[in-house]
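Commentary on secondary and tertiary structure
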Amino acid sequence: QVQLVESGGGLVQAGGSLRLSCAASGTIISIGIMGWYRQAPGKQRELVARISSGGITNYSDSVKGRFTISRDNAKNTVYLQMNSLNPEDTAVYYCNADLIFVRGALAPRNSWGQGTQVTVSS
């Protein structure tokens, strides 16, 4: 009933930038929290950044000062601006939406995107 689609991944050189986007679609009333997670080969999935509907943000220490998360509530879209990328940022980045209130649903939902590959070359 709710679909998340990421875009904006790709291959960049160290020091470069990328902007990821994630759009949620469906009969959505509101989304409480949207965030980005990433998983590198052989490593655990980790939270990169999250943002509430009210604009409160939380970042992983490894990306603070380099990444910026933002959202457009009217469009149910979340963004991740990634600057000063380094090879350690290479991973599949997943969009997540939590506390999704859907028309006709009795309980809020949680949804994940399919992931988008970010590769940073040295």
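These notes cover the structure that comes with them. What you see is a predicted model; the values in this text were computed from it and never measured. (Residues numbered from 1 in each chain as written. Predicted model: local features only at pLDDT ≥ 70, side-chain atom pairs only at ≥ 80, totals over all residues. Heavy atoms only, no water.)

1. Comments concerning the packing of aromatic side chains
In plain terms, the rule: Stacked, tilted and edge-to-face pairs are distinguished by plane angle, under 30 degrees for stacked and over 60 for edge-to-face with tilted covering the rest, among Phe, Tyr and Trp rings (Trp via its six-membered ring) whose centres lie within 6.5 Å. Geometrically, a lysine NZ or arginine CZ counts as sitting over a ring once it is within 6 Å of the ring centre and also within 35 degrees of the ring normal.
Across all of its chains, the model carries one aromatic pair by this definition. For the cation-ring pair, R45 lies above Y94, with the distance from its terminal atom to the ring centre recorded as 4.7 Å. For the cation-ring pair, R45 lies above W112, with the distance from its terminal atom to the ring centre recorded as 4.2 Å.

2. So, the pattern of salt bridges
Selection rule: Salt-bridge detection follows one rule: a side-chain nitrogen of Lys or Arg within 4 Å of a carboxyl oxygen of Asp or Glu. For every residue, the accessible area obtained with a 1.4 Å probe (protein chains only) is divided by the maximum for its type, and the residue is called buried under 20%, exposed over 50%, and partly exposed between those limits. In this description a helix means any DSSP run of H or I spanning at least four residues, a strand means any run of E spanning at least two, and both kinds are numbered starting from the N terminus.
Going through the model one piece at a time under the given rule, you end up with four salt bridges. Between E46 and R38 there is a salt bridge, with the nearest N and O atoms lying 2.7 Å from each other. By relative accessible area, which is 6% here, R38 ends up buried. Two residues, D89 and R38, come together in a salt bridge whose shortest N-O distance is 2.9 Å. Linking D89 in the loop between β8 (77–82) and β9 (91–102) with R38 in strand β4 (residues 28–39), this pair joins segments that are 51 residues apart in sequence. Here the salt bridges share partners, and the residues they tie into one network are R38, E46, R66 and D89.

3. Re the sheet that holds strand β3 (residues 18–25)
The test is simple: For two strands to be treated as a pair, DSSP must find no fewer than two bridges joining them. Lines fitted to C-alpha atoms define the axes here, with helix axes fitted over just the stretch in contact, and angles between the N-to-C directions of these axes take values from 0 to 180 degrees.
With respect to topology, four strands assemble into an open sheet ordered β1-β3-β8-β7, the strand pairing being antiparallel. Both outer strands of the open sheet, β1 (3–7) and β7 (67–72), are each paired with one neighbouring strand and no more. Averaged over neighbouring strand pairs, the angle between their axes works out to 15 degrees when direction is ignored.

4. A word on the pairing of β1
Looking down a regular strand, the side chains alternate between one sheet face and the other. In β1, alternate side chains face the same way, and those of L4 and E6 are buried while those of Q3, V5 and S7 on the opposite face are not. As defined by bridge partners, β1 adjoins β3 across five bridges and the pair is classed as antiparallel. Note that in β3 the partner of V5 across the bridge is A23.

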